[in-house]
Amino acid sequence: MLLKKGDVLIATDVQHDFLPGGSLPITNGDRVITPLNTAIRGFSSQGLPVVATRDWHPQNHSSFFAQGGRWPPHCVAESFGAHFDERLELPEGVVVISKATDRDKEAYSAFEGTDLNAQLRSLGAHRIVIGGLATDYCVLNTVKDALRLGYKVYVLEDAIEAINARPDDGLRALREMERLGAVLIRSRDLSVVKEEAA
Ligand code: VGL
Ligand code: ZN
């Protein structure tokens, strides 16, 4: 895939709590970092925008066990666990989207209750390249909304990892994204036109 104007990279929820050692750790979650950094470098080298989403819950969010939800407490706004992992090389000017900030609402899609669509429109986005966590929740639901909204969507299959609450949730999510029109690519398949030496 040759990167061009109108392409936007979305790095989904690369936050401490979703990585090994965090409160809702995704097995091998840290494996997304290197391929995402490859993608970030490709986008940045072409002056193309990068969006980073983050799960950003109030401390009594309805998705937490104490409120009858299905998850351990995670990604509480401003906490260490909610911060992006330092190994992710977010560029200057990265657009940060905080989601699921409302106590009473679960929101896996980064479009839900955020201004992501408006931001993408103002960036002139047509094609979205997406990776991050988790394949079977935030990535899946963000991809579905992006497709519904008319974006062409490319999923970085080497830069996603699943929670797999049921075995194969990640595989099922991948198949569903493909069925809906998303294209699976690998980070090394992002190519750029190099500037010619003067
Ligand atoms: C997510 C589980 C709980 C996600 C968020 O962003 O994928 N998963 N909260
Ligand atoms: Zn969450």
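Quick note: structure is the one above.
Residues numbered from 1 in each chain as written. Chains lettered and ligands numbered in written order. Predicted model: local features only at pLDDT ≥ 70, side-chain atom pairs only at ≥ 80, totals over all residues. Heavy atoms only, no water.

Trainee: Could you give an account of the site of ligand 1, naming the residues involved and the relevant values?
Mentor: With respect to spatial proximity, 13 residues lie near ligand 1, and among them Asp 13, Asp 55, His 74, Ala 134 and Cys 138 are the closest. Side-chain polar atom of His 74 to a nitrogen atom of ligand 1: 3.1 Å apart, as the coordinates give it. One of the backbone nitrogen or oxygen atoms of Cys 138 is found 3.0 Å away from an oxygen atom of ligand 1. Split by residue class, the shell around ligand 1 holds nine nonpolar, one polar and three charged. (Near = heavy atom within 4 Å. Polar contact = N/O pair within 3.5 Å; in protein donor to acceptor, adjacent residues only side chain to side chain. Nonpolar A, V, L, I, M, F, W, Y, C, P; charged D, E, K, R; others polar.)

Trainee: If you had to explain helix 3 (residues 135-148) to someone new, which residues and values would you point to?
Mentor: Helical periodicity: at 3.6 residues per turn, an α-helix aligns residues three or four positions apart in one direction. Most of helix 3 is tucked away: eleven of the 14 residues are buried. Burial in helix 3 covers these residues: Thr 135, Asp 136, Tyr 137, Cys 138, Val 139, Leu 140, Thr 142, Val 143, Asp 145, Ala 146 and Leu 147. Elements that come into contact with the buried residues of helix 3 comprise strand 1 (7-12), strand 3 (95-99), strand 4 (127-133), strand 5 (152-161) and helix 4 (169-179). A positive backbone phi angle near 100° is found at Gly 150, which sits one or two residues after helix 3. (Buried < 20%, exposed > 50% of the residue type's maximum accessible area, 1.4 Å probe, protein only. Helix = DSSP H or I, 4+ residues; strand = E, 2+ residues; numbered from the N terminus. Contact = heavy atoms within 4.5 Å.)

Trainee: Got a sec to walk through the coordination of the zinc ion (ligand 2)? Specific residues and values, please.
Mentor: Protein ligation of the zinc ion (ligand 2) involves Asp 55 (OD), His 57 (NE2) and His 74 (NE2), the donor distances falling in the range 2.0 to 2.1 Å. Around the zinc ion (ligand 2), the four donor atoms sit at angles spanning 85 to 168°, and that spread fits a shape best called irregular. (Donors = N, O, S within 2.8 Å, 3.2 Å for Na, K, Ca; no water. Tetrahedral: all angles 85-135°; square planar, octahedral: opposite > 155°, others 65-115°.)

Trainee: Talk me through the sheet that holds strand 3; I want residue IDs and the actual numbers.
Mentor: Taken together, six strands build an open sheet; the order of strands is 3-2-1-4-5-6 and the sheet is parallel. At either margin of the open sheet sits one strand with a lone partner, and together these are strand 3 and strand 6 (183-185). Strand-to-strand, the axes of this sheet are offset by a mean angle of 25°, without reference to chain direction. When strand 1 meets strand 2 (residues 50-55), the two strands line up parallel, connected through four bridges. Looking at strand 2, one finds that Thr 12 is bridged to Thr 53. Taken strand by strand, helix 1 (residues 33-45) contacts strand 1, strand 2, strand 4 and strand 5, and its axis lies near 155° from that of strand 1. Packing of helix 3 onto the sheet brings it into contact with strand 1, strand 3, strand 4 and strand 5, and relative to strand 4 it is tilted by some 165°. (Pairing = 2+ DSSP bridges. Axes fitted to C-alpha atoms, helices over the stretch in contact; angles between N-to-C directions.)

Trainee: I'd like to hear about the pairing of strand 5, residue by residue, with values.
Mentor: Among the ten residues of strand 5, eight are classified as buried, and the element is accordingly described as predominantly covered. Bridge count for strand 4 against strand 5 is six bridges, and the pairing is parallel. The partner of Gly 132 across the bridge, within strand 5, is Ile 160. As paired strands, strand 5 and strand 6 are joined by three bridges and run parallel to one another. Paired with Leu 156 across the strands is Ile 185, a residue of strand 6.

Trainee: For the packing of helix 3 against helix 4, give the residues involved together with the corresponding values.
Mentor: In contact at an axis separation of 10 Å, helix 3 and helix 4 are set at 10° when each is read in the N-to-C sense. Classified by the interaxial angle, the pair formed by helix 3 and helix 4 is roughly parallel. Each of Thr 135, Asp 136, Tyr 137, Val 139, Leu 140, Val 143, Lys 144 and Leu 147 in helix 3 lies in contact with helix 4, whose residues at this interface are Asp 169, Gly 170, Ala 173, Glu 176 and Met 177. When grouped by side-chain class, the residues that make up the contact of helix 3 with helix 4 number seven nonpolar, two polar and four charged. (Parallel < 35°, antiparallel > 145°, perpendicular 65-115°, else oblique.)

Trainee: Mind laying out unusual backbone geometry, listing which residues take part and the relevant values?
Mentor: In this model, Leu 133 is joined to Ala 134 through a cis peptide bond whose omega is -15°. For Ala 134, the position within the fold is in the loop between strand 4 and helix 3. Even without being a glycine, Asp 13 presents a positive backbone phi close to 50°. By secondary structure assignment, the location of Asp 13 is in the loop between strand 1 and helix 1. At Glu 78, a position not held by glycine, the phi torsion is positive, near 75°. Within the element layout of this structure, Glu 78 appears in the loop between strand 2 and strand 3.

None of this, on its own, says anything about what the molecule does.
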